[in-house]
Amino acid sequence: MTQPTLRNKFPILSHSTYLVSHSMGAAPLDSRERILEYWNSWNDLGITAWDRWVPFVDDCRATLGKIIGAPGRAIAFHQNVSTLVHSVLGTFDWSSSRNEVLISELTFPTLKYCLEVLKGTGIHIIRVPSRDGISHDSSDFTSLINARTALIMIDHGIYRSSAIIDIPPIVQVAHQHGARVLVDTYQTAGMYPLSVTDWGVDFAVGGSHKWLCGGPGASYLYIRPDLLGTLKPQLYGWMAQREVFGFAPDVQPADDARAFMTGTFGIPSLYAAKVGWETILEVGVTPIRQHVLHISHQIIRLAQERGLKINSPLKDEARGGQVCVGIDNAHKIELLLGKEKILLDSRPYCGLRISGHFYTEEREVLACFNALDSIIKR
Ligand SMILES: Cc1ncc(COP(=O)(O)O)c(C=O)c1O
(Lines give C-alpha, C1' and ligand atoms only; values in the text may rest on other atoms or scores of the structure.)
Protein backbone atom coordinates (compact mmCIF):
# COMPACT_ATOMS: atom_id res chain seq x y z
CA MET A 1 0.00 0.00 0.00
CA THR A 2 2.66 2.53 0.96
CA GLN A 3 5.04 1.90 -1.94
CA PRO A 4 7.63 4.71 -2.36
CA THR A 5 6.20 5.63 -5.80
CA LEU A 6 2.82 6.29 -4.23
CA ARG A 7 4.29 8.36 -1.39
CA ASN A 8 6.33 10.36 -3.90
CA LYS A 9 3.06 11.61 -5.35
CA PHE A 10 2.48 13.54 -2.10
CA PRO A 11 5.47 15.84 -1.47
CA ILE A 12 4.38 16.85 2.06
CA LEU A 13 5.09 13.26 3.18
CA SER A 14 8.81 13.79 2.59
CA HIS A 15 9.09 16.62 5.10
CA SER A 16 6.41 15.91 7.70
CA THR A 17 4.78 13.10 9.65
CA TYR A 18 1.32 13.31 8.19
CA LEU A 19 -1.39 11.93 10.49
CA VAL A 20 -4.20 14.36 9.72
CA SER A 21 -5.96 13.15 6.52
CA HIS A 22 -9.29 13.09 8.41
CA SER A 23 -9.01 16.90 8.41
CA MET A 24 -6.94 17.73 5.32
CA GLY A 25 -5.74 15.06 2.91
CA ALA A 26 -2.20 15.49 1.57
CA ALA A 27 -1.87 17.47 -1.68
CA PRO A 28 -1.17 15.26 -4.72
CA LEU A 29 1.72 16.53 -6.83
CA ASP A 30 -0.39 15.99 -9.95
CA SER A 31 -2.87 18.61 -8.68
CA ARG A 32 -0.23 21.23 -9.39
CA GLU A 33 -0.08 20.06 -13.02
CA ARG A 34 -3.86 20.06 -13.34
CA ILE A 35 -4.15 23.56 -11.87
CA LEU A 36 -1.61 24.66 -14.47
CA GLU A 37 -3.64 22.86 -17.14
CA TYR A 38 -6.65 24.89 -15.98
CA TRP A 39 -4.68 28.13 -16.27
CA ASN A 40 -3.44 27.14 -19.73
CA SER A 41 -7.01 26.52 -20.92
CA TRP A 42 -8.07 29.88 -19.53
CA ASN A 43 -5.09 31.61 -21.11
CA ASP A 44 -5.21 29.80 -24.48
CA LEU A 45 -8.96 29.70 -24.99
CA GLY A 46 -10.20 32.79 -23.15
CA ILE A 47 -13.99 32.96 -23.19
CA THR A 48 -14.22 29.80 -25.29
CA ALA A 49 -12.70 27.86 -22.37
CA TRP A 50 -16.30 27.31 -21.23
CA ASP A 51 -16.65 24.86 -24.13
CA ARG A 52 -14.06 22.77 -22.31
CA TRP A 53 -15.06 23.55 -18.73
CA VAL A 54 -18.79 22.75 -18.93
CA PRO A 55 -18.17 19.14 -20.14
CA PHE A 56 -15.28 18.96 -17.64
CA VAL A 57 -17.76 19.56 -14.81
CA ASP A 58 -19.81 16.62 -16.11
CA ASP A 59 -16.66 14.46 -16.07
CA CYS A 60 -16.10 15.53 -12.47
CA ARG A 61 -19.66 14.53 -11.52
CA ALA A 62 -19.15 11.08 -13.07
CA THR A 63 -15.76 10.57 -11.36
CA LEU A 64 -16.91 11.60 -7.89
CA GLY A 65 -20.05 9.49 -8.39
CA LYS A 66 -17.90 6.35 -8.70
CA ILE A 67 -16.59 6.93 -5.18
CA ILE A 68 -19.93 7.53 -3.48
CA GLY A 69 -21.97 5.10 -5.60
CA ALA A 70 -24.06 7.57 -7.58
CA PRO A 71 -24.71 8.46 -11.22
CA GLY A 72 -23.02 11.72 -12.25
CA ARG A 73 -26.35 13.33 -13.12
CA ALA A 74 -27.43 13.02 -9.48
CA ILE A 75 -24.47 15.15 -8.30
CA ALA A 76 -24.11 18.92 -7.95
CA PHE A 77 -20.99 20.80 -6.87
CA HIS A 78 -20.61 23.90 -4.78
CA GLN A 79 -17.90 25.60 -2.80
CA ASN A 80 -18.91 24.10 0.55
CA VAL A 81 -21.34 21.82 2.33
CA SER A 82 -23.05 24.68 4.19
CA THR A 83 -24.31 26.18 0.91
CA LEU A 84 -25.50 22.79 -0.33
CA VAL A 85 -27.31 22.05 2.93
CA HIS A 86 -29.09 25.41 2.67
CA SER A 87 -30.03 24.50 -0.85
CA VAL A 88 -31.62 21.24 0.34
CA LEU A 89 -33.36 22.92 3.30
CA GLY A 90 -34.86 25.41 0.85
CA THR A 91 -36.82 22.62 -0.84
CA PHE A 92 -38.97 22.04 2.29
CA ASP A 93 -42.06 23.98 3.36
CA TRP A 94 -41.37 24.66 7.03
CA SER A 95 -44.76 26.30 7.52
CA SER A 96 -46.49 22.96 6.89
CA SER A 97 -47.37 20.40 9.60
CA ARG A 98 -44.38 18.29 8.50
CA ASN A 99 -41.80 20.63 9.94
CA GLU A 100 -39.56 18.57 12.24
CA VAL A 101 -35.87 17.95 11.64
CA LEU A 102 -33.87 15.41 13.64
CA ILE A 103 -30.19 16.13 14.11
CA SER A 104 -27.60 14.53 16.37
CA GLU A 105 -26.03 16.49 19.20
CA LEU A 106 -22.68 15.12 17.92
CA THR A 107 -23.03 16.40 14.38
CA PHE A 108 -20.52 18.74 12.76
CA PRO A 109 -21.64 22.24 13.88
CA THR A 110 -22.25 23.73 10.45
CA LEU A 111 -25.27 21.47 9.92
CA LYS A 112 -26.81 22.72 13.18
CA TYR A 113 -26.05 26.32 12.28
CA CYS A 114 -27.74 25.92 8.88
CA LEU A 115 -30.87 24.74 10.69
CA GLU A 116 -30.84 27.24 13.51
CA VAL A 117 -30.82 30.28 11.23
CA LEU A 118 -34.16 28.99 9.91
CA LYS A 119 -35.82 29.41 13.30
CA GLY A 120 -38.93 31.56 12.82
CA THR A 121 -39.88 29.88 9.54
CA GLY A 122 -41.90 27.22 11.37
CA ILE A 123 -39.02 24.72 11.50
CA HIS A 124 -38.90 22.55 14.62
CA ILE A 125 -35.42 21.25 15.38
CA ILE A 126 -35.05 18.14 17.54
CA ARG A 127 -31.59 17.45 18.93
CA VAL A 128 -31.00 13.72 19.14
CA PRO A 129 -28.96 12.87 22.26
CA SER A 130 -26.17 10.31 22.26
CA ARG A 131 -26.23 7.74 25.08
CA ASP A 132 -22.45 7.63 25.54
CA GLY A 133 -21.35 11.02 24.17
CA ILE A 134 -19.51 9.27 21.35
CA SER A 135 -21.85 7.31 19.13
CA HIS A 136 -25.42 6.62 18.07
CA ASP A 137 -27.51 3.54 17.64
CA SER A 138 -29.84 3.93 14.67
CA SER A 139 -32.76 3.57 17.12
CA ASP A 140 -31.78 6.94 18.67
CA PHE A 141 -33.19 8.40 15.43
CA THR A 142 -35.83 5.87 14.39
CA SER A 143 -37.61 6.09 17.77
CA LEU A 144 -38.24 9.81 17.13
CA ILE A 145 -39.52 9.59 13.55
CA ASN A 146 -43.25 10.25 13.05
CA ALA A 147 -45.69 11.87 10.61
CA ARG A 148 -44.33 15.33 11.47
CA THR A 149 -40.73 14.41 10.61
CA ALA A 150 -39.61 16.16 7.44
CA LEU A 151 -35.89 15.43 7.47
CA ILE A 152 -33.25 13.50 9.39
CA MET A 153 -29.74 14.96 9.09
CA ILE A 154 -26.96 12.52 9.95
CA ASP A 155 -23.18 12.50 9.78
CA HIS A 156 -22.08 9.07 8.54
CA GLY A 157 -18.87 9.49 10.55
CA ILE A 158 -18.87 11.68 13.66
CA TYR A 159 -16.07 14.28 13.47
CA ARG A 160 -15.34 14.33 17.21
CA SER A 161 -15.34 10.60 17.91
CA SER A 162 -15.05 8.85 14.53
CA ALA A 163 -18.18 6.80 15.33
CA ILE A 164 -19.98 5.40 12.30
CA ILE A 165 -23.77 5.66 12.13
CA ASP A 166 -25.64 2.78 10.48
CA ILE A 167 -27.65 4.56 7.78
CA PRO A 168 -30.02 1.98 6.12
CA PRO A 169 -32.25 1.29 9.18
CA ILE A 170 -32.80 5.04 9.56
CA VAL A 171 -33.66 5.44 5.86
CA GLN A 172 -36.11 2.55 6.05
CA VAL A 173 -38.10 3.99 8.96
CA ALA A 174 -37.87 7.55 7.58
CA HIS A 175 -39.34 6.48 4.25
CA GLN A 176 -42.10 4.47 5.93
CA HIS A 177 -43.18 7.76 7.53
CA GLY A 178 -42.70 9.91 4.42
CA ALA A 179 -39.62 11.67 5.82
CA ARG A 180 -36.34 12.35 3.98
CA VAL A 181 -32.77 11.66 4.99
CA LEU A 182 -29.66 13.74 4.35
CA VAL A 183 -26.30 12.14 5.15
CA ASP A 184 -23.03 14.05 5.48
CA THR A 185 -20.27 11.79 4.14
CA TYR A 186 -17.44 14.29 4.61
CA GLN A 187 -15.77 12.16 7.30
CA THR A 188 -15.90 8.88 5.40
CA ALA A 189 -16.05 9.23 1.59
CA GLY A 190 -12.82 7.98 0.04
CA MET A 191 -11.79 6.01 3.13
CA TYR A 192 -14.87 3.86 3.83
CA PRO A 193 -16.64 1.85 1.11
CA LEU A 194 -20.11 3.32 0.77
CA SER A 195 -22.90 3.69 -1.76
CA VAL A 196 -25.47 6.44 -1.36
CA THR A 197 -27.64 4.55 -3.89
CA ASP A 198 -27.57 1.34 -1.85
CA TRP A 199 -28.34 3.30 1.31
CA GLY A 200 -31.39 4.75 -0.46
CA VAL A 201 -30.82 8.19 1.07
CA ASP A 202 -32.56 11.20 -0.41
CA PHE A 203 -29.60 13.55 -0.13
CA ALA A 204 -25.91 13.22 0.65
CA VAL A 205 -23.29 15.94 0.99
CA GLY A 206 -19.56 16.00 1.51
CA GLY A 207 -16.39 17.73 0.47
CA SER A 208 -13.06 16.84 -1.07
CA HIS A 209 -10.35 18.14 1.19
CA LYS A 210 -10.21 15.29 3.73
CA TRP A 211 -9.89 11.61 2.73
CA LEU A 212 -10.45 12.49 -0.93
CA CYS A 213 -7.16 14.48 -1.10
CA GLY A 214 -8.82 17.02 -3.38
CA GLY A 215 -8.32 20.33 -1.56
CA PRO A 216 -11.01 22.82 -0.54
CA GLY A 217 -13.83 24.26 -2.67
CA ALA A 218 -15.13 21.05 -4.28
CA SER A 219 -18.09 19.98 -2.16
CA TYR A 220 -20.85 17.81 -3.55
CA LEU A 221 -24.56 17.19 -3.16
CA TYR A 222 -26.18 13.92 -4.20
CA ILE A 223 -29.92 13.90 -4.85
CA ARG A 224 -31.80 10.61 -5.16
CA PRO A 225 -32.34 10.26 -8.92
CA ASP A 226 -36.12 9.83 -8.76
CA LEU A 227 -36.39 13.14 -6.87
CA LEU A 228 -34.58 15.03 -9.64
CA GLY A 229 -36.96 17.37 -11.38
CA THR A 230 -39.48 17.21 -8.51
CA LEU A 231 -37.66 19.56 -6.10
CA LYS A 232 -37.78 23.32 -6.44
CA PRO A 233 -34.36 24.83 -5.68
CA GLN A 234 -34.56 28.10 -3.77
CA LEU A 235 -30.86 28.91 -4.17
CA TYR A 236 -30.77 29.34 -7.90
CA GLY A 237 -28.92 30.89 -10.83
CA TRP A 238 -28.37 30.91 -14.54
CA MET A 239 -25.91 28.00 -14.64
CA ALA A 240 -28.61 25.79 -13.13
CA GLN A 241 -30.82 26.37 -16.18
CA ARG A 242 -31.53 23.54 -18.61
CA GLU A 243 -29.55 25.39 -21.31
CA VAL A 244 -26.52 26.91 -19.58
CA PHE A 245 -25.95 29.56 -22.24
CA GLY A 246 -29.59 29.72 -23.39
CA PHE A 247 -30.44 32.93 -21.45
CA ALA A 248 -34.10 31.91 -21.34
CA PRO A 249 -36.40 34.67 -20.01
CA ASP A 250 -37.87 32.41 -17.32
CA VAL A 251 -36.71 29.80 -14.80
CA GLN A 252 -36.14 26.44 -16.52
CA PRO A 253 -34.15 24.24 -14.11
CA ALA A 254 -31.90 21.50 -15.48
CA ASP A 255 -33.58 18.13 -15.17
CA ASP A 256 -30.63 16.75 -13.22
CA ALA A 257 -28.76 17.84 -10.07
CA ARG A 258 -27.14 20.74 -11.94
CA ALA A 259 -30.40 22.52 -11.03
CA PHE A 260 -28.68 23.01 -7.65
CA MET A 261 -25.45 24.53 -8.98
CA THR A 262 -26.64 28.19 -9.03
CA GLY A 263 -24.20 30.48 -10.90
CA THR A 264 -20.65 30.35 -12.26
CA PHE A 265 -18.89 27.11 -11.32
CA GLY A 266 -15.67 26.98 -9.22
CA ILE A 267 -13.56 25.48 -12.01
CA PRO A 268 -10.06 25.67 -10.39
CA SER A 269 -11.18 23.75 -7.29
CA LEU A 270 -12.63 21.02 -9.47
CA TYR A 271 -9.40 20.72 -11.47
CA ALA A 272 -7.48 20.22 -8.21
CA ALA A 273 -10.04 17.85 -6.70
CA LYS A 274 -10.38 15.53 -9.68
CA VAL A 275 -6.78 14.35 -9.17
CA GLY A 276 -7.60 13.39 -5.58
CA TRP A 277 -10.72 11.47 -6.62
CA GLU A 278 -8.83 9.65 -9.39
CA THR A 279 -6.09 8.69 -6.94
CA ILE A 280 -8.64 7.27 -4.51
CA LEU A 281 -10.25 5.25 -7.32
CA GLU A 282 -6.86 4.02 -8.47
CA VAL A 283 -5.81 2.84 -5.01
CA GLY A 284 -9.33 1.55 -4.23
CA VAL A 285 -11.55 2.44 -1.29
CA THR A 286 -11.65 -1.13 0.08
CA PRO A 287 -7.83 -1.49 0.32
CA ILE A 288 -7.70 2.04 1.75
CA ARG A 289 -10.13 1.08 4.48
CA GLN A 290 -8.07 -2.02 5.32
CA HIS A 291 -4.86 -0.02 5.60
CA VAL A 292 -6.54 2.72 7.64
CA LEU A 293 -7.82 0.06 10.06
CA HIS A 294 -4.33 -1.42 10.31
CA ILE A 295 -2.84 1.97 11.21
CA SER A 296 -5.76 2.65 13.60
CA HIS A 297 -4.98 -0.57 15.50
CA GLN A 298 -1.44 0.66 16.00
CA ILE A 299 -2.64 4.09 17.20
CA ILE A 300 -5.07 2.48 19.66
CA ARG A 301 -2.42 0.09 20.98
CA LEU A 302 0.22 2.79 21.47
CA ALA A 303 -2.29 5.11 23.17
CA GLN A 304 -3.60 2.39 25.47
CA GLU A 305 -0.04 1.33 26.41
CA ARG A 306 0.37 4.88 27.70
CA GLY A 307 -2.88 4.72 29.69
CA LEU A 308 -4.62 7.18 27.38
CA LYS A 309 -8.38 6.94 26.89
CA ILE A 310 -9.72 6.14 23.42
CA ASN A 311 -12.67 8.45 22.72
CA SER A 312 -13.65 6.48 19.62
CA PRO A 313 -15.52 3.19 19.36
CA LEU A 314 -13.12 0.28 19.79
CA LYS A 315 -14.90 -2.07 17.41
CA ASP A 316 -13.59 -1.71 13.85
CA GLU A 317 -17.04 -1.77 12.27
CA ALA A 318 -18.19 1.08 14.51
CA ARG A 319 -15.19 3.37 13.87
CA GLY A 320 -14.30 5.59 10.92
CA GLY A 321 -10.81 6.71 9.95
CA GLN A 322 -9.35 8.69 12.83
CA VAL A 323 -8.72 7.61 16.39
CA CYS A 324 -9.62 10.14 19.08
CA VAL A 325 -7.21 10.04 21.99
CA GLY A 326 -8.25 11.67 25.26
CA ILE A 327 -5.39 13.70 26.72
CA ASP A 328 -5.11 16.88 28.79
CA ASN A 329 -4.09 20.03 26.91
CA ALA A 330 -4.74 18.41 23.56
CA HIS A 331 -4.57 21.66 21.63
CA LYS A 332 -1.26 22.63 23.21
CA ILE A 333 0.13 19.18 22.38
CA GLU A 334 -1.09 19.51 18.81
CA LEU A 335 0.87 22.78 18.49
CA LEU A 336 4.02 21.31 20.07
CA LEU A 337 3.92 18.29 17.75
CA GLY A 338 3.31 20.65 14.85
CA LYS A 339 6.60 22.39 15.65
CA GLU A 340 8.26 19.02 15.06
CA LYS A 341 6.35 18.67 11.80
CA ILE A 342 4.13 15.96 13.20
CA LEU A 343 0.71 16.89 11.90
CA LEU A 344 -2.51 15.83 13.62
CA ASP A 345 -5.28 17.90 15.21
CA SER A 346 -7.47 18.24 18.29
CA ARG A 347 -11.13 19.01 18.99
CA PRO A 348 -13.17 19.85 22.10
CA TYR A 349 -14.87 16.80 23.75
CA CYS A 350 -12.47 14.55 21.91
CA GLY A 351 -8.74 15.13 22.49
CA LEU A 352 -6.22 14.44 19.73
CA ARG A 353 -7.47 13.15 16.40
CA ILE A 354 -4.87 10.90 14.76
CA SER A 355 -5.20 8.96 11.51
CA GLY A 356 -3.37 7.20 8.74
CA HIS A 357 -4.34 7.17 5.07
CA PHE A 358 -3.19 4.81 2.29
CA TYR A 359 0.19 6.58 2.22
CA THR A 360 0.90 6.30 5.96
CA GLU A 361 3.65 4.08 7.33
CA GLU A 362 3.77 2.48 10.79
CA ARG A 363 7.07 4.20 11.57
CA GLU A 364 5.25 7.56 11.36
CA VAL A 365 2.76 6.57 14.04
CA LEU A 366 5.64 5.38 16.20
CA ALA A 367 7.48 8.68 15.67
CA CYS A 368 4.35 10.54 16.76
CA PHE A 369 4.02 8.58 20.01
CA ASN A 370 7.75 8.89 20.76
CA ALA A 371 7.47 12.67 20.35
CA LEU A 372 4.35 12.61 22.55
CA ASP A 373 6.33 10.78 25.28
CA SER A 374 9.00 13.50 25.21
CA ILE A 375 6.38 16.26 25.47
CA ILE A 376 4.60 14.55 28.39
CA LYS A 377 7.94 14.08 30.28
CA ARG A 378 8.88 17.79 29.97
C1 LIG B 1 -18.89 16.33 8.78
C2 LIG B 1 -18.48 17.66 8.21
N3 LIG B 1 -19.37 18.37 7.49
C4 LIG B 1 -19.05 19.56 6.94
C5 LIG B 1 -17.79 20.09 7.12
C6 LIG B 1 -17.44 21.39 6.50
O7 LIG B 1 -18.54 22.14 6.03
P8 LIG B 1 -18.32 23.27 4.94
O9 LIG B 1 -17.98 22.61 3.65
O10 LIG B 1 -19.57 24.03 4.89
O11 LIG B 1 -17.17 24.11 5.41
C12 LIG B 1 -16.82 19.39 7.87
C13 LIG B 1 -15.45 19.88 8.09
O14 LIG B 1 -14.80 20.57 7.42
C15 LIG B 1 -17.19 18.14 8.42
O16 LIG B 1 -16.32 17.43 9.14
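Each remark here, short or long, concerns the structure printed above.
Keep in mind that what you see is a predicted model, and the values were worked out from it rather than measured.

Colleague: Can you help me understand the site of the ligand in this one?
Modeller: In the vicinity of the ligand, the residues found are Asn 80, Val 81, Ser 82, Phe 108, Thr 110, Asp 155, Asp 184, Tyr 186, Gln 187 and Lys 210. Taking Lys 210, its side chain carries an N or O atom lying 3.2 Å from an oxygen atom of the ligand. Contact with the protein chains removes 85% of the 400 Å² of surface that the ligand exposes when unbound. Among the residues forming the shell around the ligand, the class breakdown is three nonpolar, four polar and three charged.

Colleague: Can you help me understand the sheet that holds strand E12 (residues 345–347) in this one?
Modeller: Strand pairs in the sheet, formed through backbone hydrogen bonds, run parallel or antiparallel to each other. Strand order in the open sheet formed by four strands is E9-E10-E13-E12, and the pairing between neighbours is antiparallel. Lying at the two open borders of the sheet, with one neighbouring strand each, are strand E9 (309–310) and E12. Direction of pairing for E12 relative to strand E13 (residues 351–354): antiparallel, over a ladder of three bridges. Bridge pairing links Ser 346 to Leu 352 in E13.

Colleague: Which parts of the structure should I look at to understand the packing of helix H3 (residues 50–68) against helix H9 (residues 267–283)?
Modeller: When two helices pack together, their arrangement is captured by the angle between the axes and the distance separating the axes. Relative to each other, H3 and H9 sit at 35 degrees, their axes nearing to 10 Å. In this structure, the crossing between H3 and H9 has a hand that is left-handed. The segment H3 lies against H9, with Trp 50, Arg 52, Trp 53, Phe 56, Val 57, Asp 59, Cys 60, Thr 63, Leu 64, Lys 66 and Ile 67 engaging Ile 267, Leu 270, Tyr 271, Lys 274, Trp 277, Glu 278, Ile 280 and Leu 281. Taken together, the residues that form the contact of H3 with H9 break down as 13 nonpolar, one polar and five charged.

Colleague: Where do I start with the pattern of salt bridges in this structure?
Modeller: Any two side chains of opposite charge can pair, so long as their charged atoms come close to each other. If you walk through the whole model with that rule in mind, you get 18 salt bridges. With a closest N to O distance of 3.8 Å, Arg 7 and Glu 361 form a salt bridge. You can see Arg 7 sitting in helix H1 (residues 4–8) and its partner Glu 361 sitting in the loop between E13 and helix H12 (362–377), a full 354 residues away along the chain.

Colleague: What is the right way to look at the state of the cysteines in this model?
Modeller: A covalent bond between the sulfur atoms of two cysteines is what we call a disulfide. Tallying each qualifying case throughout the model produces zero disulfides. Cysteine Cys 213 remains unbridged, with the sulfur of Cys 60 as its closest cysteine sulfur at 16 Å. Here Cys 368 is not disulfide-linked; the sulfur of Cys 324 is the nearest cysteine sulfur, at 13 Å.

Colleague: Hey, could you run me through the environment of Met 153 in this one?
Modeller: For Met 153, the location among the structural elements is in strand E5 (residues 149–155). Relative accessible area serves as the criterion here: at 0%, Met 153 is assigned to the buried category. The spacing of Met 153 and Arg 301 is 148 residues in sequence and 33 Å in space, taken between C-alpha atoms. In this structure Met 153 touches Val 85, Leu 89, Val 101, Leu 102, Ile 103, Ser 104, Leu 111, Leu 115, Phe 141 and Leu 182, once residues within four positions along its chain are discounted.

Colleague: So what exactly am I meant to see when it comes to helix H10 (residues 285–305) here?
Modeller: Because the α-helix completes a turn every 3.6 residues, residues three or four places apart line up on one side. In this model, H10 (21 residues) spans 30 Å end to end at C-alpha, consistent with the 30 Å of a helix rising 1.5 Å per residue. Following H10 by one or two positions, Gly 307 adopts a phi angle in the positive range, close to 75 degrees.

Basis of the calculations
- Residues numbered from 1 in each chain as written.
- Predicted model: local features only at pLDDT ≥ 70, side-chain atom pairs only at ≥ 80, totals over all residues.
- Heavy atoms only, no water.
- Near = heavy atom within 4 Å.
- Polar contact = N/O pair within 3.5 Å; in protein donor to acceptor, adjacent residues only side chain to side chain.
- Areas by Shrake-Rupley, 256 points an atom, 1.4 Å probe, with all protein chains shown as cover.
- Nonpolar A, V, L, I, M, F, W, Y, C, P; charged D, E, K, R; others polar.
- Pairing = 2+ DSSP bridges.
- Helix = DSSP H or I, 4+ residues; strand = E, 2+ residues; numbered from the N terminus.
- Axes fitted to C-alpha atoms, helices over the stretch in contact; angles between N-to-C directions.
- Left-handed = near helix turned anticlockwise from the far one by under 90°.
- Contact = heavy atoms within 4.5 Å.
- Salt bridge = Lys/Arg side-chain N within 4 Å of Asp/Glu carboxyl O.
- Disulfide = S-S within 2.5 Å.
- Buried < 20%, exposed > 50% of the residue type's maximum accessible area, 1.4 Å probe, protein only.
- Expected span 1.5 Å × (residues − 1).

By themselves, these are just geometric observations and shouldn't be taken as functional.
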